[in-house]
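Topology and contacts: notes
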Amino acid sequence: MEYPEFPNSEEYTPIQEILQGKAKDSVRIRGWIYRTRSSGKLAFVVVRDSTGIIQCTVSREKVEETDFANARKALIESSILLEGEPVKDDRAPGGWEIRASKFEVFHFAETFPITKDQSDEHLLNNRHLWLRSRNMVAALKIRSTVFKAFRDYWTELDFTEIQSPSFTTSACEGGSTLFNVSIDDENEKSGQKFYAHLSQSWQLYAEATMFGLENIFTLAPSFRAEKSRTRRHLTEFWHAEVESAWLHNHQMMNLEEGMIMHIISSVLSKNRAELEFLGRDISVLENIKAPFDKMKYEEVLDKLNSMGFDLVWGDDFGYKEEKALTQDLKTPLYITNFPKEKGFYHRPDPSDPKSLVCHDLLAPEGYGEIIGGGERVWSPDELVERIREEGLDPESYGWYLDIRKFGSVPHSGFGLGIDRTVSWLCGSDHIKHVIPFPRTMRRTTP
Ligand code: 4AD
Ligand code: MG
């Protein structure tokens, strides 16, 4: 396909190109005022666009009088158009500055409510404005690369991208994190309400869809009423999920490893500047090699207990445990064979039936779980038994049980938390820094 040219790409030069020394003798840029100060006859205006920042000097002697007055007057975040000569200058940030010959203010900004060293709460309340910050821009560029790398990897393997509903009535990941919604039906004279949950995972729907397409993936929000307030929990997060027919757990783990390596190499080749800006130690990412280490849940239990924890078979690993386990690791770590209670849909391990043929993948450097997945129970009778064992009602899984009755096959799948992955790759100290509008139990605005 021939791509059309992007409008105005010749009229205005992205700041990045000027900093790379690629610009002509005279350039036009457009953007927003990032910093500004002025003396009697000179205004120093640092301008930003989506690609970077550059210092511009506006001299009373070189521009029209109104241009100079406006350059002095305009507050930060005013939108501007500027024409001038790029000059190499080691004193300027990035090594280049523009000496303006024209300076036009497109819109004068009011006093911007965000200044230096603001509290996290203030930045969250002003998220609609904080999204202009260079930190957010860098993290969101990396995030975009992760989305693309996930899509490219599975598309290349011939998996089909599909969508599943967000309103459901079947709990996939346990009742305690379900969001309930009630829906008023105005046509219903009795004032009857319909109840649904918000989806925690596409998995049950994926297992149904898989019978037609065999190999599928999705990228969608999942919802969890998370009571835990940690640096890695959101109530609405982006979930990258895969399901595949005729595939066993260990095979899926190998494919996932390839996916993680592809995501890392994509970010390294596309977002070096952003990683550097965020202060990420890039060598840590460069040194990650497959295959990743694997440990059984039981071994992890012993290891954690030897580190001073007091855990027994069946206990879940939370943030504290995973942090302790991974903070000195340099590569991701697989944990397999979790206890049966982890999920009704995972297949019990025939060689050790108190454990499951499943896995989590933990990111190193203290980040912990980014993937949960495994092989599904494929026998209809065994599935009913497992649902009962977990204290659930087989009745409410009617259609899900139905799909096992018509040519069931072994199959495996997983879910990757995109926000957690980006947080790890960015070296961020909180998941909220890598999603445009974070949602938690206490925040649904802006
Ligand atoms: O481990 P989980 O709960 O697994 C599932 O949902 C499976 N049904 C997926 C599947 O097999 N298709 O969630 C998968 C991943 C976690 O490893 C984590 O990265 C992310 O989703 N995740 C969250 N991310 C941010 N905030 C939350 N509250 C999250 N809960 C899960
Ligand atoms: Mg999990």
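The structure contained in this document is the topic of the report that follows. Remember, predicted model here, so these are calculated numbers, not experimental data. (Residues numbered from 1 in each chain as written. Chains lettered and ligands numbered in written order. Predicted model: local features only at pLDDT ≥ 70, side-chain atom pairs only at ≥ 80, totals over all residues. Heavy atoms only, no water.)

With that out of the way, let us pick up the sheet that holds strand β8 (residues 180-184). Taken in spatial order, the three strands of this open sheet run β7-β9-β8, and their pairing is antiparallel. Strand pairing shows two members of the sheet lacking a second neighbour, β7 (167-168) and β8, which therefore form its edges. Examined bridge by bridge, β7 and strand β9 (residues 193-198) share two bridges and lie antiparallel to one another. For Thr168, the partnering residue across the bridge sits in β9 and is His197. (Pairing = 2+ DSSP bridges. Helix = DSSP H or I, 4+ residues; strand = E, 2+ residues; numbered from the N terminus.)

The next subject is the packing of helix α5 (residues 134-156) against helix α14 (residues 418-426). To describe two helices that pack against each other, one gives the angle between their axes and the distance between the axes. Orientation of α5 relative to α14, taken along the N-to-C sense of each, is 125°, at an axis distance of 10 Å. Classed by the angle they form, the pair α5 and α14 counts as oblique. The two elements α5 and α14 cross, and the hand of that crossing is right-handed. From α5, Ala139, Ile142, Arg143, Val146 and Phe147 reach across to α14, where they touch Ile418, Asp419, Val422, Leu425 and Cys426. (Axes fitted to C-alpha atoms, helices over the stretch in contact; angles between N-to-C directions. Parallel < 35°, antiparallel > 145°, perpendicular 65-115°, else oblique. Left-handed = near helix turned anticlockwise from the far one by under 90°. Contact = heavy atoms within 4.5 Å.)

With that out of the way, let us pick up unusual backbone geometry. Going from Ala290 to Pro291, the amide bond is cis rather than trans, its omega being -5°. Its location among the elements puts Pro291 in the loop between α9 (282-286) and β12 (293-296). Between Thr445 and Pro446 the backbone carries a cis peptide bond, its omega angle lying at -5°. Here Pro446 is to be found in the segment after α14. Even without being a glycine, Asp117 presents a positive backbone phi close to 55°. You can see Asp117 is positioned in the loop between β5 (96-107) and α3 (120-125).

A word on the side chain of Glu256. Relative to the assigned elements, Glu256 resides in helix α7 (residues 249-270). Put simply, Glu256 is tucked away with no salt bridge, and the nearest opposite charge, on Arg376, sits 8.0 Å away. Once residues within four sequence positions are removed from consideration, Glu256 is found in contact with Tyr334, His359, Ile371 and Phe414. (Buried < 20%, exposed > 50% of the residue type's maximum accessible area, 1.4 Å probe, protein only. Lys, Arg positive; Asp, Glu negative; His and termini not counted. Salt bridge = Lys/Arg side-chain N within 4 Å of Asp/Glu carboxyl O.)

Where side chains of opposite charge bring their charged atoms close, a pairing between them can arise. Evaluated as defined, the whole model comprises 24 salt bridges. We note a salt bridge from Glu11 to Arg28, for which the minimum N-O separation is 3.5 Å. Placement of the pair is Glu11 in the segment before α1 (15-19) and Arg28 in strand β1 (residues 27-38), with a sequence separation of 17 residues. On the basis of relative accessible area, Arg28 is assigned to the partly exposed category, the value being 34%. With its nearest N and O atoms 3.3 Å apart, the salt bridge here joins Lys405 to Asp402.

With that settled, the discussion passes to a nonpolar patch on the surface. A contiguous nonpolar surface patch, about 280 Å² in accessible area, is contributed by Phe167, Ile183 and Phe194. Mapped onto the fold, Phe194 is located in strand β9. Judged by its relative accessible area of 36%, Phe194 is partly exposed. (Patch = residues over 30% accessible without salt bridge, like charges linked within 9 Å, V, L, I, M, F, W, Y side chains within 5 Å. Areas by Shrake-Rupley, 256 points an atom, 1.4 Å probe, with all protein chains shown as cover.)

Right, let's get into the pairing of strand β17 (residues 368-375). With respect to burial, β17 is a largely interior element, six of its eight residues being buried. Two elements, strand β16 (residues 358-363) and β17, share six bridges in a ladder whose sense is antiparallel. Its bridge partner being in β17, Ala363 is matched across the sheet by Gly368. Joining the antiparallel neighbours β16 and β17 is a turn of four residues, in which Glu365 adopts a positive phi near 60°. Examined bridge by bridge, β17 and strand β18 (residues 411-417) share five bridges and lie antiparallel to one another. Bridging across to β18, Ile371 finds its partner in Leu416.

Once that is clear, we can look at the environment of Thr155. Position of Thr155 relative to the elements: it lies in helix α5. We classify Thr155 as partly exposed; its relative accessible area is 46%. For Thr155 and Asn215, which are 60 residues apart along the polypeptide, the C-alpha to C-alpha distance reads 9.9 Å. Separated by 2.5 Å, the side chain of Thr155 and the backbone oxygen of Arg151 make a polar contact. (Polar contact = N/O pair within 3.5 Å; in protein donor to acceptor, adjacent residues only side chain to side chain.)

Further remarks concern the packing of aromatic side chains. In this structure the tally under the stated criterion is 15 aromatic pairs. Note on Tyr297 and Phe317: the rings are 5.1 Å apart at their centroids and 20° apart in plane angle, and the pair reads as stacked. Here Tyr297, found in helix α10 (residues 297-306), pairs with Phe317, found in the loop between α10 and α11 (319-326); they are 20 residues apart in sequence, far enough to count as distant. Comparing Tyr297 with Phe317, the two get one shared label, buried. Seen from their ring centres, Phe344 and Tyr345 are 5.4 Å apart, and the 75° between their planes marks the pair as edge-to-face. (Phe/Tyr/Trp six-rings, centres within 6.5 Å; stacked < 30°, edge-to-face > 60°.)

The five strands lie next to each other as β1-β2-β3-β5-β4, forming a closed barrel whose pairing is mixed. For this sheet, the mean angle separating the axes of adjacent strands, direction not counted, is 55°. As judged from the eight bridges shared by strand β2 (residues 42-49) and strand β3 (residues 52-59), these two strands associate in the antiparallel manner. Paired with Leu42 across the strands is Ser59, a residue of β3.

Attention now goes to the nonpolar core. Ranked by internal contacts, the top residues of the largest apolar core, which has 41 residues, are Phe150, Trp154, Met259, Ile260, Leu416 and Trp424. Ranked by size, the runner-up nonpolar core spans 22 residues in total, among them Val27, Ile29, Val47 and Trp96. (Core = buried A, V, L, I, M, F, W, Y, C linked by side-chain atoms within 4.5 Å.)

In this section: the side chain of Ser78. Relative to the assigned elements, Ser78 resides in the loop between α2 (65-73) and β4 (79-88). Engagement of the side chain of Ser78 in a polar contact is seen with the backbone nitrogen of Ala109, the distance being 2.9 Å. Beyond its immediate stretch of four places on either side in the chain, Ser78 contacts Gly31, Trp32, Ile33, Val105, His107, Phe108 and Ala109.

This next bit is on the site of ligand 1. Neighbouring residues of ligand 1: 24 residues in total, closest Glu173, Gln203, Leu234, Glu241 and Glu369. At 2.6 Å from an oxygen atom of ligand 1 is found a side-chain nitrogen or oxygen belonging to Glu369. At 2.8 Å from an oxygen atom of ligand 1 is found a main-chain nitrogen or oxygen belonging to Ile370. Look at ligand 1: alone it shows 620 Å² of surface, and the protein chains cover 94% of it. (Near = heavy atom within 4 Å.)

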